[in-house]
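The chain contents come next:
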Amino acid sequence: MTGSQPGLAPPADVVEAGLGAARCAGCVVVVEDTSEAEVRFAVNTTTTNGIRRARRVTVASVAEVDGGLGVGVATRSGAVDVTDLVRAAESQAYSAPVADDASPLLGGVVDAEFGATPPETDLSVLSGVLSGLSAVFERAERARTVLAGFASHTVATTHLGTSAGLRRRHVQPTGAAQMVARTSDGANSAWVGVGTRDFADVASEALEDELVRRLGWASRRVDVDAGRHTVVLPPSAVADLMVYVAGSAGGQDAEDGRTVFSKPGGGTRIGEQLSSLAFELRSDPAEPGIECAPFLTVTASSAEASVFDNGLALDRTSWLRDGRLEHLQYHRAGAVRHGAQVAAPGDNLVLELAGAQGTTADLVARTEHGLLVTCLWYIRVVDPATLLLTGLTRDGVYLIEDGEVTGTVTNFRFNESPVDLLARTTDVGATVRTLGREFGDYVNRTAMPALRVDDFNMSSVSPAS
Amino acid sequence: MAKHVPSSDVDAVMAAALDAARQLGVSDASVRVETIRAQVVALRDGALETSSDDTEDGVGLRVVHDGSIGFAATADVSVDAAARLAHQAVGAAKVVAAVRRRPLELAAEPGHGTVSWSSSYRTDPTAVPMAEKVARLAEWSRRLLGQKGIDHVTAHVRAVSESKHYADLQGTVATQRRVRVHPSVEAVALDPQGGFEAMRTCAPPVGRGWEYLDGEGWDWDTELDELPELLAEKLASPSVDAGRYDLVIDPTNLWLTIHESIGHATELDRALGYEAAYAGTSFATPDKLGTLRYGSPIMHVTGDRTAEHGLASVAIDDEGVAAQSFDLVKDGLLVGYQLDRATASAAGYDRSNGCAFADSPLHVPIQRMANVSLQPAPSEGPTTAELIAGVERGIFVVGDKSWSIDMQRYNFQFTGQRFFRITAGRLDGQLRDVAYQGTTTEFWGSMEAVGGRSTYLLAGAFNCGKGQPGQVAPVSHGAPSALVRNVNVLNARAEGGR
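Model, not experiment: these values are computed from the prediction. All chains use their own residue numbering, which begins from 1 and follows the written sequence. In the order they appear in the text, chains get letters beginning with A and ligands get numbers beginning with 1. The model is predicted, so local features are restricted to residues of pLDDT at least 70 and side-chain atom pairs to those at 80 or more, both for listing and for counting; the totals for chains, interfaces and linings are taken over all residues. The side-chain values count all of the structure's non-hydrogen atoms but skip hydrogen atoms and water molecules.

Remarks on the overall build of chain A
In this text, helices come from DSSP runs of H or I with a minimum length of four residues, and strands from runs of E with a minimum of two, each type numbered from the N-terminal end. Per the secondary structure count, chain A includes nine helices and 19 strands. Here chain A has a C-alpha radius of gyration of 24 Å; the compact-globule value for 465 residues is 23 Å, and the two agree. Summarising its shape, the C-alpha atoms of chain A cover approximately 70 × 55 × 35 Å along the three principal directions. Think of it in three bands: with a 1.4 Å probe and only protein chains considered, a residue is buried below 20% of the maximum accessible area for its type, exposed above 50%, and partly exposed in between. Evaluated residue by residue, chain A yields a buried proportion of 64% over its 465 residues. Contacts: residue pairs with any heavy atoms within 4.5 Å of one another. The long-range share in chain A, meaning contacts at least 24 apart out of those at least 6 apart in sequence, stands at 73%. Every accessible area reported is derived by Shrake-Rupley at a probe size of 1.4 Å, with residue values counting cover from the shown protein chains alone. As displayed, chain A has an accessible area near 15,700 Å², and 49% of this comes from carbon and sulfur atoms. Put simply, the radius of gyration uses C-alpha atoms, and a globule should come to 2.2 Å times the residue count raised to 0.38.

Dropping the structure here:
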């Protein structure tokens, strides 16, 4: 994991050149260098792969305009003429309306390694997965199962500088390995996926073992009707649901009355008890195993995050605490406008109930009757006012009887709100690192517990398998 | 601001990549040099909230070496970098060669020589100053914010221009330029009882230029004028009684049902299992080709990469295959698939039908969706009003909103922007909380009538997701209005236990 991009200027030099070329009231330069390697496989053989080197340079220029400050943002990739980019951003800034999200640019912190070369990755980082894969394919064919999957590793290095003197640098490794096994008749399937920083903890044989175990549960098929069921959701499925809770935590949208966190009649539900269980849903740059950038990088303003806040120090932020809504996302200007606390979107997400113990298997053992739903899929918002989501189960739904998995059942379409679901949770496991089945490619750093939830609404049966 | 790499430099970069690949003994190689400019402007209640102007440059090289694919790409568009890519791509092919179980073959495609093509537009939307974009959205926002009962308005415009240079060892050298634009406006009315209702414009994303916002291809003035009254009516409307209804579905909604239940289901890579780990497979497996009753006999669905203003339209795809049109469902039977060169070869086709696409120069091409369209009734065909007149108790569905379908494309659920009750052949006010659920073949089997050409609209999306790493493709879907009998309608609030 070493190297740099030949032909491209050192990123710190690009930042300094951009800031040096700036002529207006303020400037932010962000250089994002990305190195990626991946291999994909299906029908028991490799399919596509890739090695990529990318660079994006973003300039946000702040100009004095009639009535306040305007901002212009321009991004370009590759061997960028940063002076040209600064001029383009400045041109936009001078013709922009007054920016509602304006705040003083941040300074004061200079990272000691700001001038260091960005590290890179390549396919060798996947050798632990690839070395065993051929034998895994061979065993799958003998067992009349069909494997598909994906292993990828990315190293993203961010250099961020402001005209107020801030210089921050962060290196973010991100990896994931996923594997699906389907029986050759297509009747049953199972999925496993793990997130990792460096693949030192990932082996294809371990993924294979778990798939074999889950497919073994499918030897007995049981008919179960749609309706409300007690379900055990493993951490991966919980992650895909909690991504929506965090993604709906925009303060401005809530103030506007447009989300599940809006208070009827005006304002937000901050402080309201959402679950009798003392859940904490948080983002924390220092979370062990899923560490992420301790400062904010924003290349386009939104309702929740502002380019003016680039470099903002991030700390542990609880979206839910003790089962109450604790924070919504506000940039600095929005927080001032609404009398709220600044809270920036994080790059990891953790749900935890202090003191909760047990794995998914332990929750199954503690369940008299219900369904083990291993994966959720194609989850979309039906009603933002309640955060009602619809989606499907996928790659393994199993019947639990007297604390044991006793057979496989059909897939279902569900209609459920993850906010309501936290209020109907009856058992919680220990929080562990996990990878969401649907959103793990985009929200890699999650840690979740298994949950048991009563009255989960399986709206209809899906014949998919 | 977006400066395109001079064509002489592009030629040199592509030649460097292909020459180096050839010297390394590849059996196939193709290179793309691209500049993609993507802009987003968003206003909330008339104030600028988001402004981004992102230009991506890059070069990507795909090789086939000793029966394995290798892909390498860089944002550094230079001769030296391109030559290095050949070594990296061949190196990647060698790494996976040690793992693969079967060699990969690509269906043959002849060289097409030098090709120059542009999509049909007047004004590149990314060349319009950002200030002009902000001003247009602000004007639209003001028109709605001044109306009684509207509490909030969000307005967006997304604009993209692509400049794609392609060359391969078969001798095809293509230069293609595409633009697309998607403006949208959503009005929100807060419900005094709690909650809210929102209504968005139904104007689809299109392969047109800025002239689209001036009314070429969509009547913005009429839709914006109608929105406040429609939203007020929706807010005051009753919640739907769940049950079975006959649906007349407007193309602004039906395009998405086509996309999910036909477009993805007839992608051959899915049907063969290549997407089993992520996007999913398909119930429409190759053994059912020519026999699967997909829908009623009036159902005729085509794929094409040629439609004017189509978001998936090109002249040459990202594997050097010439754009084509083809049948997917004819007389209600499954008769075809969307192919790329690898899946075409795997399934025994002589040739791909040109459905390879990469959303970035840094991504490997994969099989992506053509413009998949439900054809209207021949000759004049019925109008939407005539379809509605044939319904005793039903719902007229307009505009898309929430969507979800399972990984084999059987079970789907959709909502919409506007739901009008149909009583005795006439529209009878709006309904709230409507969602319709179905199973693909049952739903299309219940399609009793399609509208004529006058009801046909080319709609679509910028954001069709597929593949790992994830790629996002723009795609259009043409549809007429359609009458579908006896569809399962849910009450979304009741589904949420309220």
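Concerning the overall build of chain B
What chain B contains, in helices and strands, is 10 helices and 22 strands. Relative to a compact globule of 498 residues, whose C-alpha radius of gyration would be 23 Å, chain B shows 24 Å and is just as compact. The principal-axis extent of the C-alpha atoms belonging to chain B is close to 70 × 55 × 45 Å. Per-residue burial for chain B yields a buried fraction of 64% across its 498 residues. Looking at chain B alone, contacts between residues at least 24 apart form 75% of all its contacts between residues at least 6 apart. Of the roughly 16,100 Å² of accessible surface on chain B, a fraction of 49% belongs to carbon and sulfur atoms. Under the counting rule used here, the positive set is Lys and Arg, the negative set is Asp and Glu, and His together with the chain ends is not counted. A charged residue contributes its charge at one atom only: NZ of Lys, CZ of Arg, CG of Asp or CD of Glu. Each charge class in chain B can be summarised by its mean position, and for the 46 positive and 63 negative side chains these summaries are 3 Å apart.

Considering the nonpolar core
Remark: nonpolar core denotes a set of buried residues (Ala, Val, Leu, Ile, Met, Phe, Trp, Tyr, Cys) joined through side-chain atoms within 4.5 Å. Counting residues in each nonpolar core, the largest one holds 104 residues, and the members touching the most others are Tyr294(B), Ile395(B), Tyr436(B) and Trp444(B). Sort the elements by how many residues they give to this core and helix 3 (residues 130–145) of chain B lands first, with six residues. Formed by 52 residues, the second largest nonpolar core is a distinct cluster that contains Val222(A), Val260(A), Tyr330(A) and Val453(A).

Looking at the pairing of strand 18 (residues 434–439) of chain B
Two faces belong to every sheet, and in a regular strand the side chains alternate between them. Residue and element names in this part refer to chain B. A large share of strand 18 lies buried, amounting to five of its six residues. In the sheet, strand 16 (residues 411–423) pairs with strand 18 via four bridges, with the strands oriented antiparallel. Its bridge partner being in strand 18, Phe414 is matched across the sheet by Tyr436. One ladder, built from four bridges, connects strand 18 with strand 22 (residues 482–491); its direction is antiparallel. Within the sheet, the bridge partner assigned to Tyr436 lies in strand 22 and is Val489. Paired strands, as defined in this entry, are two strands with at least two bridges between them according to DSSP.

Some words on the packing of helix 3 of chain B against helix 4 (residues 220–235) of chain B
Residue and element names in this part refer to chain B. Between helix 3 and helix 4, the shortest axis-to-axis distance is 9 Å and the interhelical angle comes to 30°. It follows that helix 3 is roughly parallel to helix 4 by the angle criterion. Both helix 3 and helix 4 take part in a crossing whose hand is right-handed. Only Trp220, Asp221, Leu224, Asp225, Leu227 and Pro228 of helix 4 make contact with helix 3, whose side of the interface consists of Trp140, Arg143 and Leu144. Each residue belonging to the contact of helix 3 with helix 4 can be placed in one class, and the counts come to six nonpolar, no polar and three charged. Note on geometry: axes are lines fitted to C-alpha atoms, helical ones only across the stretch in contact, with angles between N-to-C directions running from 0 to 180 degrees. Working rule for angles: under 35 degrees goes down as roughly parallel, over 145 as roughly antiparallel, 65 to 115 as roughly perpendicular, anything else as oblique. The sense of a crossing depends on the near helix, which, turned anticlockwise from the far helix by less than a right angle, makes the crossing left-handed and, turned clockwise, makes it right-handed. Gly is placed with the polar residues, together with every amino acid not listed as nonpolar (Ala, Val, Leu, Ile, Met, Phe, Trp, Tyr, Cys and Pro) or charged (Asp, Glu, Lys and Arg).

Here we look at helix 4 (residues 204–216) of chain A
All names here are of chain A. Between the first and last C-alpha of helix 4 there are 18 Å, a value that for 13 residues agrees with the 18 Å anticipated at 1.5 Å per step. Burial in helix 4 covers these residues: Ser204, Leu207, Glu208, Leu211, Arg214 and Leu215. Axial view of helix 4: buried residues confined to an arc of 130°, hence all on one face. Structural note: helix 4 exposes Asp209 and Val212 on the side pointing more than 90 degrees away from its buried face. How far a helix is expected to stretch is found by multiplying one less than its residue total by 1.5 Å. To be clear, the arc concerns the directions from the helix axis to the C-beta atoms.

Examining a negative patch on the surface
Taken together, the side chains of Asp219(B), Glu226(B), Glu229(B) and Glu233(B) define an acidic patch exposed on the protein surface. Secondary-structure assignment places Glu229(B) in helix 4. Patch membership is restricted to residues that have no salt bridge and whose relative accessible area is over 30%. Joining uses 9 Å for like charges and 5 Å for the nonpolar side chains Val, Leu, Ile, Met, Phe, Trp and Tyr. Salt bridge, as applied in this entry: a Lys or Arg side-chain nitrogen positioned within 4 Å of an Asp or Glu carboxyl oxygen.

Topic: the interface of chain A and chain B
A common way to state how big an interface is: give the accessible area lost once the parts meet. Taken together, the contacts link 93 residues of chain A with 86 residues of chain B. Summed over both sides, the interface between chain A and chain B buries roughly 7,300 Å², with carbon and sulfur atoms accounting for 50% of that surface. Using a 1.4 Å probe, buried area is obtained as the accessible area two parts lose upon being combined, added over both of them. Interface area lost by chain A to chain B is led by Arg40(A), Arg76(A) and Arg258(A), which between them contribute 10%. At the boundary of chain A and chain B, one finds nine salt bridges. The closest approach of N and O atoms between Arg101(B) and Glu141(A), which form a salt bridge, is 2.9 Å.

Some words on the sheet that holds strand 9 (residues 301–304) of chain B
Residue and element names in this part refer to chain B. Reading across the sheet, the four strands line up as 11-10-9-14 and stay open at both edges, with antiparallel pairing between neighbours. The strands lining the two open edges of the sheet, one partner per strand, are strand 11 (333–334) and strand 14 (371–374). Looking at chain direction, strand 10 (residues 325–330) and strand 11 are connected through two bridges and run antiparallel. Pairing of Val329 across the sheet is with Leu334, part of strand 11. Those strands touched by helix 5 (residues 251–263) are strand 9, strand 10 and strand 14, and its axis lies near 115° from that of strand 14.

Considerations on the pattern of salt bridges
Under the defined criterion, the tally for this structure stands at 69 salt bridges over all chains. Close ionic contact of Glu275(B) with Arg40(A) constitutes a salt bridge, the shortest N to O distance being 2.8 Å. Remark: Arg40(A) occurs in strand 1 (residues 26–42) and Glu275(B) occurs in the loop between helix 6 (268–272) and strand 9; the pair is interchain, linking two chains. Per residue, the accessibility class of Glu275(B) equals that of Arg40(A), and both read buried. Put simply, Glu416(A) and Arg228(A) hold a salt bridge, and the shortest N to O gap is 3.7 Å. One end of the pair, Glu416(A), is in strand 15 (residues 411–416); the other, Arg228(A), is in strand 7 (residues 227–233), and 188 residues separate them in sequence. Taken together, the shared-partner salt bridges in this structure form one network comprising Glu138(A), Glu141(A), Arg142(A), Arg101(B) and Arg102(B).

A short note on the confidence of the model for chain B
Per residue, pLDDT captures the predictor's confidence, and it can take any value from 0 to 100. Averaged over every residue, the pLDDT of chain B is 96; residues scoring 70 or more account for 98%. Two numbers describe this predicted complex: its pTM, 0.97, and its ipTM, 0.95.

Considerations on the sheet that holds strand 9 (residues 317–321) of chain A
Overall, mixed pairing links the six strands, which are arranged 10-9-8-11-18-17 (chain A) in an open sheet. Each end of this open sheet is capped by a strand with a single partner; those strands are strand 10 (324–325) and strand 17 (432–434) of chain A.

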